[in-house]
Amino acid sequence: MSSLCVCLCIYKSENGLPYVLANLHTIHKSRVFGRLKVIAIHEKYDGAGAGDSCCCCCNYTTEYSLLTNFANYLPPNSLEIIQNQYPTTPVRQRNIGNARNTFLNRMRALRDEVGETYDHFAMMDTNDYACIGPVCIDVLRQAMACAGEWDSISFLREAQYYDLWALSFDPFIHSFFHFKRSWYDVRDEMRAAFNAYLAEHNNNEKMLIPVYSAFNGFALYRSSTYLSPDLRYSDEINVNFYPGNILKKQTQLLGCDMDGRTNDDCEHRYFHTASMQPPHNARIFIYAMSLFAKMPERDRPSR
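Here is a short report on the structure shown in this document.

What counts as what
- Residues numbered from 1 in each chain as written.
- Predicted model: local features only at pLDDT ≥ 70, side-chain atom pairs only at ≥ 80, totals over all residues.
- Heavy atoms only, no water.
- Axes fitted to C-alpha atoms, helices over the stretch in contact; angles between N-to-C directions.
- Helix = DSSP H or I, 4+ residues; strand = E, 2+ residues; numbered from the N terminus.
- Parallel < 35°, antiparallel > 145°, perpendicular 65-115°, else oblique.
- Left-handed = near helix turned anticlockwise from the far one by under 90°.
- Contact = heavy atoms within 4.5 Å.
- Core = buried A, V, L, I, M, F, W, Y, C linked by side-chain atoms within 4.5 Å.
- Buried < 20%, exposed > 50% of the residue type's maximum accessible area, 1.4 Å probe, protein only.
- Salt bridge = Lys/Arg side-chain N within 4 Å of Asp/Glu carboxyl O.
- Polar contact = N/O pair within 3.5 Å; in protein donor to acceptor, adjacent residues only side chain to side chain.
- Pairing = 2+ DSSP bridges.

**Side note on the packing of helix 1 (residues 17-30) against helix 4 (residues 137-145)**
In step 1: Relative orientation of the contacting elements helix 1 and helix 4 amounts to 60°, with a least axis distance of 11 Å. Overall, the two elements helix 1 and helix 4 adopt an arrangement that is oblique. Crossing angle aside, the handedness with which helix 1 passes helix 4 is right-handed. Residues Thr26, Ile27 and Ser30 of helix 1 touch helix 4, and the partners they reach there are Ile137, Leu140 and Arg141.

Structural data, given as structure tokens:
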């Protein structure tokens, strides 16, 4: 039975975190994973306006209380709350990426220093929309049943696929924010193409949909692939990670060039496309079912 370590980046999470922790409790009780650990990454918020960076969780805050109470439902030593190792920057996704890198560094240290290892890890958002609906354990079991076929897997979302910025598929490899065109228009073309791509796979009854990058609030990763020390989250853009002539296909389709920026991208794209390079050769998929049910509007957390 596989083991799992979950990363929670906590920042202004008091509305979504109770639902996220309830879902983690459900996953723990389901025994899909023989061993479950949660590592929460926090950063003291100084009010300097860094944006929705990674975390606002220090002692005696609401988030801290929720986490420590959650620990009572887990075996001993199954929850760690640690501070982000990196300084806060004005770039939102850089801060989130650094929180995720802090988690990766902690997992590597556990492995290398005390021999504590996990077959898989998960990145799970703690906002008030991504992972708040009830988790579908059957879908999680199905995804884990085919774990030998993927290195990274994310899921569809009953309440709409929202995370288009982290998404890359043929030929939409490059960020829709980074072209010499209205990003609204590029995003809308991408959404239409993605819906057609999903329909094609649904017609073929294929559960694993190949992509170059995808997150959508929750994703699972094979530790033996993704804990390599050269893999990290970053808002940098490295077009050398893109396969073949796909970028040329995208610019021709959109009828415009890239805007020339080499950073300020979604942190997931760098992590995923870097993992596709040798020797990792990561296999990245979306599982063609929703992991979290849509929460009725009346039950949604108030903002």
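**Focus: the nonpolar core**
In step 1: One finds Phe103, Phe121, Met123, Leu167, Phe194, Tyr221 and Ile286 to be the most contacted residues of the largest nonpolar core, which totals 56 residues.
In step 2: Dropping the residues within four chain positions of it, Met123 is found in contact with Cys7, Arg100, Phe103, Leu104, Phe215, Gly217, Phe218, Ala219, Tyr221 and Tyr233.
In step 3: Judged by nonpolar contacts, the second largest core, of 40 residues, contains Ile10, Leu21, Val32 and Val135.

**Here we look at unusual backbone geometry**
In step 1: In this structure, the amide linkage connecting Asp170 to the following residue, Pro171, adopts the cis form with an omega of 0°.
In step 2: Notably, Asn77 is not glycine yet its phi reads approximately 65°, a positive angle.

**Some points on the pattern of salt bridges**
In step 1: Under the criterion given, the structure shown has 16 salt bridges.
In step 2: Residues Arg187 and Asp188 are paired through a salt bridge, measuring 3.3 Å at the closest nitrogen-oxygen approach.
In step 3: Residue classification places Arg187 among the partly exposed positions, given a relative accessible area of 22%.

**Some remarks on the environment of Ala293**
In step 1: Note that Ala293 resides in the segment after strand 8 (284-290).
In step 2: In the structure, Ala293 is positioned 158 residues away from Val135 in sequence and 6.4 Å away in space, judged by C-alpha atoms.
In step 3: Residue contacts for Ala293: discarding those within four places in its chain leaves Gly133, Pro134 and Glu158.

**Quick look at the environment of Asn84**
In step 1: With respect to the element layout, Asn84 can be found in the loop between strand 3 (79-83) and helix 3 (92-114).
In step 2: Residue Asn84 is classed as buried on the basis of its relative accessible area, which comes to 8%.
In step 3: A distance of 3.1 Å separates a polar side-chain atom of Asn84 from the backbone nitrogen of Tyr86.
In step 4: Of the polar contacts made by the side chain of Asn84, one reaches the side chain of Thr102; its length is 2.8 Å.

**Some details on the sheet that holds strand 5 (residues 152-156)**
In step 1: With mixed pairing, eight strands are arranged side by side in an open sheet as 3-2-1-4-7-5-8-6. Edge positions in the open sheet fall to strand 3 and strand 6 (208-210), since each of these has one partner strand only. Within this sheet the neighbouring strands show an average axis-to-axis angle of 25°, counted without direction.
In step 2: Packed on one face of the sheet, helix 1 meets strand 1 (3-9), strand 2 (35-42) and strand 4 (120-124) and runs near 180° to strand 1.
In step 3: Sheet strands touched by helix 4: strand 4, strand 5, strand 7 (218-222) and strand 8. Its angle to strand 8, the strand with the most contacts, is close to 150°.

**A closer look at the pairing of strand 4**
In step 1: The buried count for strand 4 comes to five of five residues, which makes it a mostly enclosed element.
In step 2: Because side chains alternate across strand 4, one face comprises the buried residues His120, Ala122 and Met124, and the other comprises Phe121 and Met123, equally buried.
In step 3: Bridge count for strand 1 against strand 4 is five bridges, and the pairing is parallel. Of the residues in strand 4, the one forming a bridge with Leu8 is Met124.

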